[in-house]
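Listed below, chain by chain, are the residues.
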Amino acid sequence: MMSGRRAPRGRVLFHALCLLLLSLLAPATGRADDLADEADLLFQVGTERYEAGDFRGALANFLASNRLVANRNVVFNIARTYEQLKQAPDAYRYYLIALDAETEPAAKRRIEEALERIRPSVAVLRVETDPPGATVFLDRKDLGPRGNTPRALGLPAGKYKVIVELSGYETTSTPEVDLKIGAETRVAVPLKRILGGVRVEGGPAGAAVRLDREDSAPIGVIPGTFPVPPGRHTLLVSRDGYASSATTIDVPLNETVVSRVTLSPQTGTLVISADVRDALIAIDDKPSGFTPAVITVPVGRHRVRISQSGFRPNQRVVDVADGQQVRIDAQLTTFEEVTAASRTTEAVEDAPASVTIVTRQELRAMGYPTIAEAVRGVRGIYLSDDRNYVTVGVRGFSRPGDYGNRVLVLVDGQPANDNYIWSSYVGFDGRVDIEDIDRIEIVRGAGSVLYGTGAFFGVINLVTRDRNNPTFTEVGLSTAEYGVGRARATQMVRINEDAGFWASVAGAVGPGRDFFFPELVADPSDPDAETGKNGLPIDGNVRGLDDFEAAMFNGRVWYKSLTLQWFYNGRRKTLPTGVYDTIVGDDRNQFTDHRAFIEARFEPQVTKEIQLLSRAHGNIYTFDGDLPYPVADGGVAHDEYRGLWAGFEQRIVISPSKGTRFTLGAEVIRHFKTQQTGEDDGGPYLLDDDGSGGRNDPFTVVAGYALADVSFTDWLKVSAGARLDYFSSLTFEADAAISPRVALIIKPYNKGNLKILGGKAFRAPSVYELYYSGAGQVPPENLQPEQIYSGEVEFTHRFTDTVSATVAGFGNYVLDLVELRQNDAGFDQYGNSTSPVVVLGGEVEVRRDWKEGWMVGASYTLQQARYLDAPTLRDVPNSPQHLGSIKGAVPIIGRALMGMTRLSIEGPRKDTNDFDGAPEQGDTDAGVVWDVVLSGEAERLGVRYNFGVYNAMDWRYDTVPSTEFRQRTIVQNGRTFLASASARF
């Protein structure tokens, strides 16, 4: 029971002093025990005073006890005592404190009842902060704290200012809050952190930044600026593949410090080599060099891709540890792809045509000097050289004097034929050398569906240097054939992944040669015997002629989807054959040709499904022919041609799904100038329609085409399309103007590939055929385009990834051949043949593709070209019935020395006595030409070399020239030697 008796003040003071003295003198443990005892005594005294009704005395003892040792029961008694004293705000406050500390459910309910009981008598202020835990003051800090947020305070009615403090945050005061009895007022105070900042610079970009602890969440990545509490901190920077960094920083209040961190990469080394030099190395999809190479890479897992045009990419994943060296020796398997068959890059086996690729390895191993030499030995291909020009024949057809105008030669898809005779140029008249060529695509069959006129029997596409080549400078010297000397310089610059350029300049000089032509032997006893330049009767010997000079300049520059390429080749050549009945042995008998073009191409990939091509080109061709005749026959005749044309093509390729592709395109070409002149000592002999000397007959070609390639299943693909051409120089006839093509590509089993091909092509008469005239030749009447219908079945079985066999059967039906014949008045005149030509044949080829320097291949073609409906006509001239070849390559000393050989076989050819009244049609001799070349490279020195012999057996064989020659046949090159060397820097 509490007593109301009051202790004398002196005694109380005495007891207090004694307690203070004892607390100072007693040990710590004893002091703690004394405090507990004193607190318990005060609690008992407070309880006694409470029971005695002395609530103020009880409150003083309870408060003193709680100050000594805090206790939730004491706090509850304090609250209850305040309630008895009618001090509701204080009672409410202490009830809340007791409630926070209480754990017993019954006691908590009792406190909550008390709170509800006195709530109507107080004004409740609920203070919350973000973040919580702030200390609450009212009006002034010196009045003491009122607890930590969140906190509810019971207060008398009135206006209060709330002050909150939290370490690391700015002290915040609220406007005065007006509290009312019985109401609760909520005050939410957002706290503003007291911060400094740190800006972290350096690298690598993206490295994670942490503060103080390595296991904490990153506060950001570098470079960046981050808020940081003031004070001393440890700045931790890390990234996979790099050594971590720890830096101590002192951050002032409201200031930003700068810390520069550079992490040292943890690296290893990749030593990469391949059996193909200059293959592109991409590491993690980023171009990183060319084989062979030593490349430093960060530690970790990397994707390595080694690729080269014409090979399947070699891909692998490697793990690189710090300081480790990882070796990669890649073997690249040949993967033939072609662009000329569909004007888009695709695998040869998927191309809707019969295709052969002369690979980069073969071009370098054999050191081919010309396009013609590079395609000799390809199945279905043969050559003719009448000492004016070298001509390519395809599958039994190469009419003498037409100079390959039924074969289209392309340079990266840009036609290189002239616009005078539509001639293709495949000797030194076409290119001084072919060092800039990465591969040659030979597409047999009708190609007008893509290219229009000229792609009659086939297309030869020269694919120039890959844009992925590294930067280099290269110079080279070589000799070929009969002492032809050549020099070349090339510069390749790869600016970055998207841009670069290359350019080459080359020159060649060919010395004169000696020939003997039995057809040019005159009877010296005949007073009317033909005499040569020396005034003596000709004896068939021509000495010191056939010389030439040639120059070439070509190149390309690109940036992303934009490409600009240019080409120029010029040749002046002396003719040794006395062609066109000119003076035999006269060195004034010369042809000079210049061919140049420039092409700009833009090929953006608009979306994943749509690609566009916009192509513009300008072209020049000039020809000068000097033909010396006796003065009585007019003296020196000079033929001249000047051609100038330009065109634009727009194409869209839509690929809505895998295996489906639609191509739509349109093209317009304007031949601004087709200027022909011809004159001799007697004046002009080539006249226009008004009888004036010379003529110009400009014309326009407009074309549109559409193709669809659809793979219905994994084993069936259908390709179909058509092109329509309009020539302003010709009478339009729809059946002649349209060129369709259909192809079925069937894969009956995993390693089998069957192509069933059919198409139609045309060749428009050339400017020369339409308009040329002279003393013995008159222009034609109503000359129409030639037409060809072709069909083919080709089956390939692949025994392994590198060994395959191909069999093919083909047929061509040719209508309206343009031929030079004598008319009824005895003049030469071009006209359309009334006799169709049928060419039937079959081919077989077995080959082992290039791998590790080894290659072998053999092919045989059996073909027959016949006039069909004209009993007075005979076999088609210059058409060998048999063609065969064997090729093989073997490494002798790695890449330092390699041997390659080629054996090409040609059957006899019929001569041009194929018209009624001619002597019996004769045959040429068969040809067996064996070539052997050694080649190699010294990688460290950047030197590459070739030396060898063509026609090692010195086999003498002939080809058939046109009727403009007095020779029935022209002997081809005997044994010749090849040597070349180039150095790359």
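What you are looking at is a predicted structure, and each value in this text was computed from that prediction instead of being measured.

Examining the overall build of the protein
Part 1: Looking only at helices and strands, the protein has 11 helices and 61 strands in total.
Part 2: Its C-alpha atoms give the protein a radius of gyration of 49 Å, more than 25% over the compact-globule value 30 Å for 985 residues.
Part 3: With the C-alpha coordinates aligned to their principal axes, the bounding extent of the protein is approximately 175 × 60 × 55 Å.
Part 4: Looking at the protein as a whole, 53% of its 985 residues are labelled buried.
Part 5: Accessible surface, the protein: about 43,300 Å² in total, of which carbon and sulfur atoms supply 56%.
Part 6: The averaged location of the 127 negative side-chain charges in the protein is 14 Å from the averaged location of its 106 positive side-chain charges.

As for empty space enclosed by the protein
Part 1: Using the criterion set out here, one finds 12 cavities of 30 Å³ or more in the structure.
Part 2: Within this model, the largest cavity holds a volume of roughly 500 Å³.
Part 3: D385, R387, V390, E481 and N973 are the residues nearest the centre of the largest cavity, which is lined by 37 residues in total.
Part 4: Mapped by element, the contributors of at least two residues to the lining of the largest cavity are α8 (371-375), β26 (381-385), β38 (562-574) and β57 (927-938).

Section: the nonpolar core
A general feature of soluble globular proteins is that nonpolar side chains tend to end up buried together.
Part 1: Ranked by size, the top nonpolar core spans 59 residues in total, and within it I440 and I460 carry the most contacts.
Part 2: Beyond its immediate stretch of four places on either side in the chain, I440 contacts T356, I357, V358, L363, A374, V375, I460, N461 and L462.
Part 3: In terms of nonpolar packing, the next biggest core, distinct from the first, is built from 45 residues, V584, I669, F699 and Y830 among them.

Some details on the environment of S384
Part 1: Structurally, S384 can be placed in strand β26.
Part 2: In this structure S384 comes out as buried when scored by relative accessible area, which is 7%.
Part 3: Between the C-alpha atom of S384 and that of V890, which follows or precedes it by 506 residues, the distance is 30 Å.
Part 4: Residues within four places of S384 in sequence aside, it is in contact with Y389, V390, T391, S398, N878, R909, T959 and Q972.

Some remarks on a nonpolar patch on the surface
Part 1: Together, F648, V668, V702, L724, Y726, F732 and I738 make up an exposed nonpolar region whose accessible area comes to about 580 Å².
Part 2: When you line up the elements, L724 lands in strand β46 (residues 716-727).

Observations concerning the pairing of strand β27 (residues 390-394)
Part 1: For β27, a buried count of five out of five residues is recorded, marking the element as mostly surrounded by other parts of the structure.
Part 2: Neither face of β27 is left uncovered, since the one carrying V390, V392 and V394 and the one carrying T391 and G393 both have all their residues buried.
Part 3: Turn length for the β26-β27 hairpin, with the two strands adjacent in sequence and antiparallel, is four residues, and the turn residue R387 shows positive phi of about 70°.

Things to note about the sheet that holds strand β1 (residues 123-130)
Part 1: Spatially, the three strands line up as an open sheet ordered β3-β1-β8, and their pairing is mixed. Here the strands that pair on one side only, and so sit at the sheet edges, are β3 (151-155) and β8 (184-190). Ignoring strand direction, the axes of neighbouring strands in this sheet form an average angle of 20°.
Part 2: Where β1 meets β8, seven bridges bridge the pair, whose relative direction is parallel. Bridging from a neighbouring strand, T129 pairs with V189 of β8.
Part 3: Here helix α5 (residues 88-101) sits on the sheet in contact with β1 and β3, set at roughly 155° to β3.

A few points about the sheet that holds strand β2 (residues 135-138)
Part 1: The strand order β2-β5-β6 describes an open sheet built from three strands, whose pairing is antiparallel. In the strand order of this sheet, the two ends are held by β2 and β6 (172-173), each with one partner.
Part 2: Here two bridges tie strand β5 (residues 162-165) to β6, and the two strands are oriented antiparallel to one another. For V164, the partnering residue across the bridge sits in β6 and is T172.

Looking at the packing of aromatic side chains
Part 1: Under the criterion given, the structure shown has 26 aromatic pairs.
Part 2: Arranged with centres 6.1 Å apart and planes meeting at 40°, the rings of Y621 and Y641 form a pair that is tilted. With Y621 in strand β40 (residues 610-628) and Y641 in strand β41 (residues 636-657), the pair connects residues that are 20 residues apart, well separated along the chain.
Part 3: Members of the aromatic cluster, each reached through a chain of ring pairs, are Y389, Y403, Y420, Y425, Y580, F591, Y621, F623, Y641, Y768, Y772 and Y830.
Part 4: In this structure, R110 packs its charged tip against the face of F76, placed 4.5 Å from the ring centre.
Part 5: The ring of Y950 carries R902 above its face, with NZ or CZ at 5.8 Å from the centroid.

Topic: helix α4 (residues 72-84)
Part 1: The terminal C-alpha atoms of α4 lie 18 Å apart, and with 13 residues this matches the ideal 18 Å at 1.5 Å per residue to within 8%.
Part 2: Every buried residue of α4 is listed here: V74, V75, F76, N77, I78, A79, T81, Y82 and E83.
Part 3: Capping the start of α4, N71 holds a side-chain oxygen 2.8 Å from the backbone nitrogen of N73, two or three residues further along.

What to know about helix α3 (residues 55-68)
Part 1: With 14 residues, α3 should cover 20 Å at 1.5 Å per step; its first-to-last C-alpha distance of 20 Å lies within 8% of that length.
Part 2: Of all the residues in α3, the buried ones are G57, A58, L59, N61, F62, A64, S65 and N66.

Some points on the packing of α3 against α4
Part 1: Relative to each other, α3 and α4 sit at 155°, their axes nearing to 9 Å. With respect to each other, α3 and α4 are oriented roughly antiparallel. Once α3 is placed against α4, the crossing between them reads as left-handed. Along its contact with α3, which presents F55, A58, L59, F62, L63, S65 and N66, the element α4 presents V74, V75, N77, I78, T81, Y82 and Q84.
Part 2: A breakdown of the residues in the contact of α3 with α4 according to their chemical character gives nine nonpolar, five polar and no charged.

Let's talk about unusual backbone geometry
A negative phi angle characterises most non-glycine residues, just as the trans form characterises most peptide bonds.
Part 1: Residue D130 is joined to P131 through a cis peptide bond whose omega torsion reads 5°.
Part 2: Of note, P131 is situated in the loop between β1 and β2.
Part 3: The linkage connecting T149 with the following residue, P150, adopts the cis geometry, with an omega of -5°.
Part 4: Position of P150 among the secondary structure elements: in the loop between β2 and β3.
Part 5: Residues other than glycine seldom take positive phi values, yet R395 does so here, at roughly 50°.
Part 6: Mapped onto the secondary structure, R395 falls in the loop between β27 and β28 (407-411).
Part 7: In this structure R395 comes out as buried when scored by relative accessible area, which is 4%.

What about the pattern of salt bridges?
Part 1: Enumeration over the complete set of coordinates arrives at 80 salt bridges.
Part 2: For K887, the salt bridge identified is with E362, shortest N-O distance 2.7 Å. Here E362 lies in helix α7 (residues 360-366) and K887 lies in strand β55 (residues 882-893), a separation of 525 residues in the sequence. The pair formed by K887 and E362 is uniform in burial state, with each residue classed as buried.

A closer look at the confidence of the model for the protein
Part 1: On average, residues of the protein score 89 in pLDDT, and 96% of them are at 70 or above.
Part 2: By mean pLDDT, the top-scoring element of the protein is strand β39 (residues 590-602) (98), and the lowest-scoring one is helix α1 (residues 9-25) (43).
Part 3: The model gives residues 1-30 a pLDDT under 50, and that stretch makes 21 contacts with residues more than four places away or in other chains.

Focus on the environment of M953
Part 1: In this fold, M953 is placed in the loop between β58 (943-950) and β59 (958-959).
Part 2: Put simply, M953 and N554 are 399 residues apart on the chain and 36 Å apart in space, counted from C-alpha to C-alpha.

Topic: the environment of E937
Part 1: Its location among the elements puts E937 in strand β57.
Part 2: Through-space distance from the C-alpha of E937 to that of V209 is 52 Å; in sequence the pair is 728 residues apart.
Part 3: With sequence-adjacent residues up to four places away left out, E937 is seen in contact with R277, R895, A896, V943, R944 and Y945.

Structural notes on the side chain of R572
Part 1: For R572, the position within the fold is in strand β38.
Part 2: A polar contact of 3.0 Å, which involves the side chain of R572, links it to the side chain of D547.
Part 3: Within the local environment of R572, its side chain forms a polar contact with the side chain of T574, the two groups lying 3.1 Å apart.
Part 4: Beyond its immediate chain neighbours, meaning those up to four positions away, R572 contacts D547, F548, E549, Q590, F591 and T592.

Rules behind the numbers
Think of each chain on its own: its residues are numbered from 1, step by step along the sequence as written. Since the coordinates come from a predicted model, pLDDT governs what is reported: local features require at least 70, and pairs of side-chain atoms require 80 or more to be given and counted, while whole-chain, interface and lining totals use all residues. Computation of side-chain values covers all heavy atoms of the structure but excludes hydrogens and water. Runs of H or I in DSSP of at least four residues are treated as helices and runs of E of at least two as strands, each being numbered from the N terminus. Computation of the radius of gyration draws on C-alpha atoms alone. For the globule rule, the value is 2.2 Å times the number of residues to the power 0.38. We call a residue buried when its accessible area falls under 20% of the maximum for its residue type, exposed when it is over 50%, and partly exposed in between, using a 1.4 Å probe and counting protein chains only. Computed with the Shrake-Rupley method and a 1.4 Å probe, the accessible areas treat only the protein chains shown as cover for residues. This count recognises Lys and Arg as positive and Asp and Glu as negative, with His and chain-terminal groups excluded. To locate a charge, take NZ of a lysine, CZ of an arginine, CG of an aspartate or CD of a glutamate. Using only the protein atoms, space was sampled on a 1 Å grid; points where a 1.4 Å probe fits but cannot get out form cavities, open sets with protein on both sides within 12 Å along at least five of seven lines form pockets, and lining residues are those with an atom within 4 Å of a point. Grid points are joined across faces, edges and corners, and a volume is the space filled by probe spheres set on the points. Residues grouped as a nonpolar core are buried Ala, Val, Leu, Ile, Met, Phe, Trp, Tyr and Cys residues, joined through side-chain atoms within 4.5 Å. Whether two residues touch is decided by their heavy atoms; if any such pair falls within 4.5 Å, the residues are in contact. For patch building, the residue pool is restricted to those with more than 30% relative accessible area and no salt bridge; the joining distance is 9 Å between like charges and 5 Å between nonpolar side chains (Val, Leu, Ile, Met, Phe, Trp, Tyr). Any carboxyl oxygen of Asp or Glu within 4 Å of a side-chain nitrogen of Lys or Arg constitutes a salt bridge here. In this analysis, strands are considered paired if DSSP registers two or more bridges between them. Orientation is described by axes fitted as lines to C-alpha atoms, over the contacting stretch for helices, and by angles from 0 to 180 degrees between their N-to-C directions. Classification of ring pairs uses Phe, Tyr and Trp, with its six-membered ring standing for Trp, and accepts pairs whose centres are within 6.5 Å; under 30 degrees between planes counts as stacked, over 60 as edge-to-face, and the remaining range as tilted. To sit over a ring, a charge needs its Lys NZ or Arg CZ within 6 Å of the ring centre and within 35 degrees of the ring normal. Each residue after the first adds 1.5 Å to the expected span of a helix. Pairing of N or O atoms within 3.5 Å defines a polar contact, subject to two protein rules: one partner must be a possible hydrogen donor and the other a possible acceptor, and residues neighboring in sequence count only if both atoms are side-chain atoms. Just so you know how the angles are binned, under 35 degrees is roughly parallel, over 145 roughly antiparallel, 65 to 115 roughly perpendicular, and the rest oblique. In this scheme the crossing of two helices becomes right-handed for a clockwise turn of the near helix relative to the far one and left-handed for an anticlockwise turn of less than a right angle. Note on residue categories: nonpolar means Ala, Val, Leu, Ile, Met, Phe, Trp, Tyr, Cys or Pro, charged means Asp, Glu, Lys or Arg, and polar means any other residue, Gly included. The predictor's confidence in any single residue is recorded as pLDDT, a number from 0 to 100.

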